[in-house]
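Listed here are the chains, written in short residue letters.
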Amino acid sequence: ARRACADMAPKRATRARTPTNRDDASPGQRSARTKRAKAGAADAAADVSEADAMDASDARDGESPAASPEAKVTRKKSTKSEGGEDSSSVNRRWRDANGNVAAYDGAIVAAVYNDVLGGGRVAPSVNAVQALDAAGYGEKYLALGSRDAEACTTAHALSAIHIVNEKFRQSVDGFLAFEDDVDGFKNVFNSALEAYEGARVVEKTAVVQFAIRAFSSLEKQVIRGVALPLVSLPLWSKLSEGRLKLELSKHEVLSKHWGKMMKKEAKASKKASESGETHVPVSERKEACWLVRMMHDFVTYATDCVANEDAV
């Protein structure tokens, strides 16, 4: 036992002489740590400088700047997109040389949608959408085009929808920007519905999420007036003739409204034929078709997913 203790004593002494803290490190190690610290400080200063420039731009637009250097650095880092393009270069697309919001250009919106938001080929990265949202892309730039039905293209509507969906994902009311812009919400919603049939799966998913949140916000008048027609009486035209008669026989008031709608529809069809204009039957309008088409897509995709899982 004494010999074993004697053998272990030199080892303990060796471990005691091994540097255990930063003060015992060699000069080379201390020099390397100093260089790393200086490099980190330089990076932090650069981050704060870039954030200061962003704050100056926001101050011109009426927004409050970041409160502290730490907040500025965090804000700058959060605007990096997973696509590899820095938010500052993305923002330069829709701002002028002075950092102010440029005149609306649909080509810019289409480029941002294709290059930054995935263009419908893939789902946009959360970082990319958050960066655009933090810079006010939706409220300051897209809103300019939303008020014009012709300017509200598919790329425009889906860009706005991605930003609204991201706000709701963060438990923020994404429809606040539309409260005083009835035409803007109507144009975005209708443009998305019209493009739904030819849209890709990623785009259809975004539109369905947007519609779900719209129907969950019917207390807002601007949304109620646009969303409720999708679940109104024209939707009943998709029922089979027998089921339609059965349901109308159970609801006398509804049957009267249906009869009035059919009379109005017959007059419109006759007037259109006399004037040589094209008449779209009520059963082929988006008020009657969109919800049915969406449900059909959902059942089809769900069935395919189950089939693929069973195959695996």
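Keep in mind that this is a model prediction, so the values were computed, not measured.

The rules behind these values
- Residues numbered from 1 in each chain as written.
- Predicted model: local features only at pLDDT ≥ 70, side-chain atom pairs only at ≥ 80, totals over all residues.
- Heavy atoms only, no water.
- Helix = DSSP H or I, 4+ residues; strand = E, 2+ residues; numbered from the N terminus.
- Buried < 20%, exposed > 50% of the residue type's maximum accessible area, 1.4 Å probe, protein only.
- Phe/Tyr/Trp six-rings, centres within 6.5 Å; stacked < 30°, edge-to-face > 60°.
- Lys NZ or Arg CZ within 6 Å of the ring centre and 35° of its normal.
- Axes fitted to C-alpha atoms, helices over the stretch in contact; angles between N-to-C directions.
- Parallel < 35°, antiparallel > 145°, perpendicular 65-115°, else oblique.
- Left-handed = near helix turned anticlockwise from the far one by under 90°.
- Contact = heavy atoms within 4.5 Å.
- Nonpolar A, V, L, I, M, F, W, Y, C, P; charged D, E, K, R; others polar.
- 1 Å grid on protein atoms, 1.4 Å probe; cavity = no way out; pocket = protein on both sides within 12 Å on 5 of 7 lines; lining within 4 Å.
- Points joined across faces, edges and corners; volume = space filled by probe spheres on them.
- pLDDT = per-residue confidence, 0-100.

J.: Please explain the overall build of the chain as it appears in this structure.
T.: Broken down by element type, the chain carries 14 helices and zero strands. Order of helices (α) and strands (β) in the chain, N terminus to C terminus: α-α-α-α-α-α-α-α-α-α-α-α-α-α. Split into buried and exposed, the 312 residues of the chain put 35% on the buried side.

J.: Could you clarify how one ought to interpret the packing of aromatic side chains in this entry?
T.: Note on aromatic pairs: each is described by the distance of the centres and the angle between the planes. Evaluation of the coordinates by the stated rule reveals twelve aromatic pairs. With centroids separated by 5.9 Å and ring planes inclined at 45 degrees, the aromatic side chains of Trp94 and Tyr141 adopt a geometry described as tilted. Of this pair, Trp94 sits in helix α4 (residues 87-94) while Tyr141 sits in helix α7 (residues 137-146), and the two are 47 residues apart along the sequence. On the basis of relative accessibility, which here comes to 0%, the residue Trp94 falls in the buried class. Here the aromatic residues Phe168, Phe175, Phe178, Phe185, Phe189 and Phe210 are joined through ring pairs into a cluster of three or more. Note that Lys204 overlies the ring of Tyr196, its terminal NZ or CZ placed 5.1 Å from the centroid.

J.: What exactly am I supposed to notice about the packing of helix α8 (residues 154-169) against helix α10 (residues 201-215) here?
T.: Angle between the axes and distance between the axes are the two parameters that describe a pair of packed helices. Running from N to C, α8 and α10 point in directions that differ by 55 degrees, and their axes come no closer than 9 Å. In terms of their interaxial angle, α8 and α10 are classed as oblique. In this structure, α8 meets α10 at a crossing whose hand is left-handed. Contacts from Leu158, Ile161, His162, Val164, Asn165 and Phe168 of α8 reach α10 at Glu203, Ala206, Val207, Gln209, Phe210 and Arg213. By residue class, the composition of the contact of α8 with α10 is seven nonpolar, three polar and two charged.

J.: Help me out: how do you make sense of α7 in this one?
T.: For the α-helix, the turn length of 3.6 residues means that residues three or four positions removed from each other point alike. Counting buried positions along α7 yields eight of ten residues, so the element is predominantly enclosed. Within α7, burial applies to Tyr137, Gly138, Lys140, Tyr141, Leu142, Ala143, Gly145 and Ser146.

J.: Please explain the environment of Leu248 as it appears in this structure.
T.: By the element assignment, Leu248 lies in helix α12 (residues 241-250). Between the C-alpha atoms of Leu248 and Trp258, which are ten residues apart in sequence, the distance is 8.3 Å. In contact with Leu248, other than residues within four places in its own chain, are Leu254, Ser255 and Trp258.

J.: So what exactly am I meant to see when it comes to the environment of Asn165 here?
T.: Tracing the backbone shows Asn165 in helix α8. Accessibility expressed as a relative area gives 7% for Asn165, which makes it buried. Note: C-alpha distance between Asn165 and Val129 (36 residues apart in sequence) is 9.6 Å. Those residues in contact with Asn165, other than ones at most four positions away along the chain, are Ala206, Gln209, Phe210 and Arg213.

J.: Before we go on, may I ask you to explain empty space enclosed by the protein in this structure?
T.: Taking a probe equal in size to a water molecule and rolling it over the atoms shows the remaining empty space. Inspection of every chain in the model, using the stated rule, returns two cavities of 30 Å³ or more. Quantified by volume, the largest cavity comes out at close to 40 Å³. For the largest cavity, the full set of lining residues is Thr154, Ala157, Leu158, Ser191, Ala192, Ala195, Tyr196, Ala199, Glu203 and Val207. Those elements giving two or more residues to the lining of the largest cavity turn out to be α8, α9 (182-195) and α10. Partitioned by chemical class, the residues of the lining of the largest cavity number seven nonpolar, two polar and one charged.

J.: Sorry if this is basic, but what is going on with the confidence of the model for the chain here?
T.: Caution is warranted with low-pLDDT regions, since their predicted coordinates should not be read in detail. Here the chain shows a mean pLDDT of 79. Residues at 70 or above account for 71%. For the chain, the element scoring lowest by mean pLDDT is helix α3 (residues 69-78), at 42; α8 scores highest, at 95. The low-confidence segment residues 10-23 (pLDDT under 50) makes five contacts with residues lying over four places distant or belonging to another chain. Across residues 46-51 the pLDDT falls below 50, and counting only partners more than four positions away or on other chains, this stretch makes eleven contacts in the model.

J.: Please clarify how the packing of helix α5 (residues 106-115) against α8 should be interpreted in this entry.
T.: Running from amino to carboxyl end, α5 crosses α8 at an angle of 55 degrees, the nearest separation of the two axes being 9 Å. Classified by the angle their axes make, α5 and α8 are oblique. Seen from above, α5 lies across α8 with left-handed handedness. On α8, the residues that touch Val109, Ala110 and Tyr113 of α5 are Ala155, His156, Leu158, Ser159 and His162. Classifying every residue of the contact of α5 with α8 by side-chain character gives five nonpolar, three polar and no charged.

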